[in-house]
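Chains, contacts and geometry: an overview
If you want the building blocks of each chain, they are given just below.
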Amino acid sequence: MIDIKDLRENPQIFFKAVEDKQLKGTVDLEALLELDKKYLTLLPKVESHRALRNQLSTDISKLTDEAARKKLIDEATQVKNELATQEEDLKKLKTQIDAALLWVPNPPAADVPFGEGEEGNVEVKKGGTIPQFDFEPKDHLDLGKALDIIDTDRGTKIAGFRGYFLKNGGLELHHALLRYALDLIKQKGFDIFEVPWMVNPEYFTGTGYFPWGEDDHYVTQDGKALIGTAEVALTSYYADEILEESQLPIKLAGISPCYRREIGSYGKDTKGIFRVHQFTKVEQVVLTVADEDKTRELHDTMLGYAEELLQGLGLAYHVLLMCTGDMGAGQRRKYDVETWFPSQNTYRETHSDSYFNDFQARRLNIRYRTKDGELKYVYTLNNTVAASPRLLAAVIENYQQKDGSIVVPEVLHKYTDLRIIK
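Our subject in this report is the structure included herewith. It should be emphasised that the depicted structure is a prediction, and the values quoted were computed from it without experimental measurement.

Further remarks concern helix α10 (residues 292-313). Between its terminal C-alpha atoms α10 stretches 32 Å, which fits the 32 Å expected from 22 residues at 1.5 Å a residue. Restricting attention to buried positions, one finds in α10 the residues Thr-295, Leu-298, His-299, Met-302, Leu-303, Tyr-305, Ala-306, Glu-307, Leu-309, Leu-310 and Leu-313. You can read the cap of α10 off the contacts: a side-chain oxygen lies 2.9 Å from the backbone nitrogen of Asp-293, and it is on Asp-291. Trailing α10 by a residue or two, Gly-314 shows a phi angle of about 70 degrees, which is positive.

Quick look at the structure:
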């Protein structure tokens with residue numbers, strides 16, 4: 001959530017953010033500013049009536065003359081009734097303003113390129129070497145079916161569209177990747193968690209997934225929502241708490257199943273296990289001081305962890321700086337890391353690295369006390385460490401052999417006895 005004071009003082013920044021992030025129609029900033037104007041006009045009247053009510057109450061308590069006392073009581077009753085009406089109007093305005101503020105996007109950082117969609121993203125880095133095959137590389141599903149390690153036919157029968165089973169070597173390789181990711185991030189000083197998978201909706205709102213992405217999440221019969229990333233639970237861990245500056249940065253990593261309805265992806269990646277409704281992810285979250293320069297340094301550092309994981313796996317990748325129209329409403333700046341998929345002869349997204357400044361912290365009420373005793377909202381960041389079976393699919397395709405077998409990357413040998421799947 002943005003600070004309403006920033007909207008009052010610099011409305012043009014937020015009008016531009018709505019336009020640049022392709023969010024026209026989701027929020028009426030002019031109507032919001034008009035509500036705020038009414039609120040600011042009414043607030044001093046309410047405060048004046050409260051002061052008058054208190055003064056009349058004090059004066060009445062000092063009077064002994066019954067006629068004078070009755071006159072003041074009548075006046076106090078009128079003020080009390082007027083105040084009740086004003087306070088109710090003020091409460092309604094505050095509720096309307098708070099509801100509208102949830103739809104106001106976080107303005108992108110100055111160096112974020114403008115673009116209406118993914119075509120506006122800018123490649124900023126490449127890593128690894130694209131493998132060269134002396135045969136036509138197969139896709140991960142054809143390889144997985146032939147090796148009997150992936151079964152989407154029965155997965156669809158049991159779970160519906162995008163359902164899948166991982167079997168034998170596929171399951172072992174999947175778990176080895178996740179263990180490798182957990183160990184890597186633990187070595188970077190992160191506390192590691194298994195997080196709740198069903199979360200109260202206010203924490204989806206707090207992290208900015210609601211209201212924009214509400215349609216893409218599954219909801220249980222008791223009103224909880226299934227997480228699409230451990231970020232929701234990890235970022236909310238300190239909700240409504242006050243930290244000390246000496247504690248920051250706080251580094252949290254979580255492993256969890258993730259659930260997404262994939263609304264809006266109809267017809268995309270319908271083959272294989274690249275885009276599915278259920279997957280497992282290791283996620284990193286950082287809470288830090290209210291300093292954007294330091295946040296940007298952390299943003300690049302966290303990107304480096306994802307790169308280190310891919311480098312360890314020997315996978316080629318590139319890094320994109322996301323444009324305004326292809327980043328989330330709450331994100332201030334975002335990188336996507338895309339990994340090479342030989343069967344498609346292109347890079348596909350496997351990681352996402354973002355920072356938010358205080359956008360999430362305001363919603364979640366996470367503050368810290370500075371060394372000088374001032375209370376400020378923390379700044380938040382998050383990044384994927386590993387998301388599988390998408391990463392599993394990349395390993396299968398890049399490590400395929402001419403005979404259809406899959407070589408297990410050396411970095412995973414400590415997590416599995418498998419050396420080759422054939």
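Right, let's get into the environment of Cys-258. By secondary structure assignment, the location of Cys-258 is in strand β8 (residues 250-259). Given the relative accessible area of 0%, Cys-258 is considered buried. Taking the C-alpha atoms as reference points, Cys-258 and Ala-230, 28 residues apart in sequence, are found 7.6 Å from one another. In this view, Cys-258 contacts Ile-227, Gly-228, Thr-229, His-277, Gln-278, Phe-279 and Lys-281; residues no more than four positions away in its chain are not counted.

As summarised here, the arrangement of the three strands in space is β7-β13-β14, forming an open sheet in which the pairing is mixed. At either margin of the open sheet sits one strand with a lone partner, and together these are β7 (242-244) and β14 (375-377). Strand-to-strand twist in this sheet, taken as the mean axis angle between neighbours without regard to direction, amounts to 40 degrees. Relative to β14, strand β13 (residues 367-369) is paired through three bridges, and the arrangement is antiparallel. Pairing of Arg-369 across the sheet is with Leu-375, part of β14.

So, how was this worked out
- Residues numbered from 1 in each chain as written.
- Predicted model: local features only at pLDDT ≥ 70, side-chain atom pairs only at ≥ 80, totals over all residues.
- Heavy atoms only, no water.
- Helix = DSSP H or I, 4+ residues; strand = E, 2+ residues; numbered from the N terminus.
- Expected span 1.5 Å × (residues − 1).
- Buried < 20%, exposed > 50% of the residue type's maximum accessible area, 1.4 Å probe, protein only.
- Polar contact = N/O pair within 3.5 Å; in protein donor to acceptor, adjacent residues only side chain to side chain.
- Contact = heavy atoms within 4.5 Å.
- Pairing = 2+ DSSP bridges.
- Axes fitted to C-alpha atoms, helices over the stretch in contact; angles between N-to-C directions.

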